[in-house]
Amino acid sequence: MKHMLAALALLGAAILPAQAEEVGKVGVDWLGNDIVIDAVADPKIQGVTCHLASFSRGVIDRLQKGNWFEDPSNASISCQQTGPIIIGDIKLGEGGERVFSERTSLIWKKLNITRIYDKQNNALIYLAHASQVQDGSAKTSIATIPLFAGNVTWTKGKPE
């Protein structure tokens, strides 16, 4: 019964995109620039939480440097098991699946988290990266969750 309730919760979560919850903000200079730390729960995997640190430009910095409607692509990610892991219906291909996206410019630029399942090493990989229409950024950050320990349930059975 417990696993059935968890599966239903995952099904409901799979319909909604991941939401970020701000858990910290550190001022880095007198211009109002901050490093923002968000907690992001994977909507299809219960028991995994990623913490994403990104740069948020202040108003004075925007006025001084122009480029008013854009934040840098810099981000760092750390993901951990925060409870029993229950894996829903996830994409298993090498391109993975986007689990979070947030605009970092008015129109064209986004900060993303993509999840990839590494079948050979039985692990989940979370990649923080920017996407743009052109001039894509090579700035990335990665976190890995090993699935070898107990306490991992696949709602549709582990891929063979």
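Note that this is a predicted model, so its numbers are computed, not measured.

### Quick look at the overall build of the protein
Line of reasoning, step 1. The secondary structure content of the protein amounts to two helices and nine strands.
Line of reasoning, step 2. Ordered by position from the N terminus, the helices and strands of the protein form the series α-β-β-β-α-β-β-β-β-β-β.
Line of reasoning, step 3. Across the protein, contacts joining residues at least 24 apart in sequence account for 51% of those joining residues at least 6 apart.
Line of reasoning, step 4. Accessible surface, the protein as shown: approximately 9,500 Å² in total, 57% of it carbon and sulfur.

### With respect to the confidence of the model for the protein
Line of reasoning, step 1. Across the protein, pLDDT averages 79, with 71% of residues at or above 70.
Line of reasoning, step 2. Across residues 1-16 the pLDDT falls below 50, and counting only partners more than four positions away or on other chains, this stretch makes 16 contacts in the model.

### Comments concerning the pairing of strand β2 (residues 34-41)
Line of reasoning, step 1. Of the pairings in the sheet, the one linking strand β1 (residues 20-27) to β2 comprises seven bridges and is antiparallel in character. The residue bridging V26 from the neighbouring strand is I35, located in β2.
Line of reasoning, step 2. Hairpin connection of β1 to β2: six residues between the antiparallel strands, including G32 at a positive phi of 90°.
Line of reasoning, step 3. Of the pairings in the sheet, the one linking β2 to strand β3 (residues 45-56) comprises eight bridges and is antiparallel in character. Its bridge partner lying in β3, A41 is registered against T49.

Cut-offs applied
- Residues numbered from 1 in each chain as written.
- Predicted model: local features only at pLDDT ≥ 70, side-chain atom pairs only at ≥ 80, totals over all residues.
- Heavy atoms only, no water.
- Helix = DSSP H or I, 4+ residues; strand = E, 2+ residues; numbered from the N terminus.
- Contact = heavy atoms within 4.5 Å.
- Areas by Shrake-Rupley, 256 points an atom, 1.4 Å probe, with all protein chains shown as cover.
- pLDDT = per-residue confidence, 0-100.
- Pairing = 2+ DSSP bridges.

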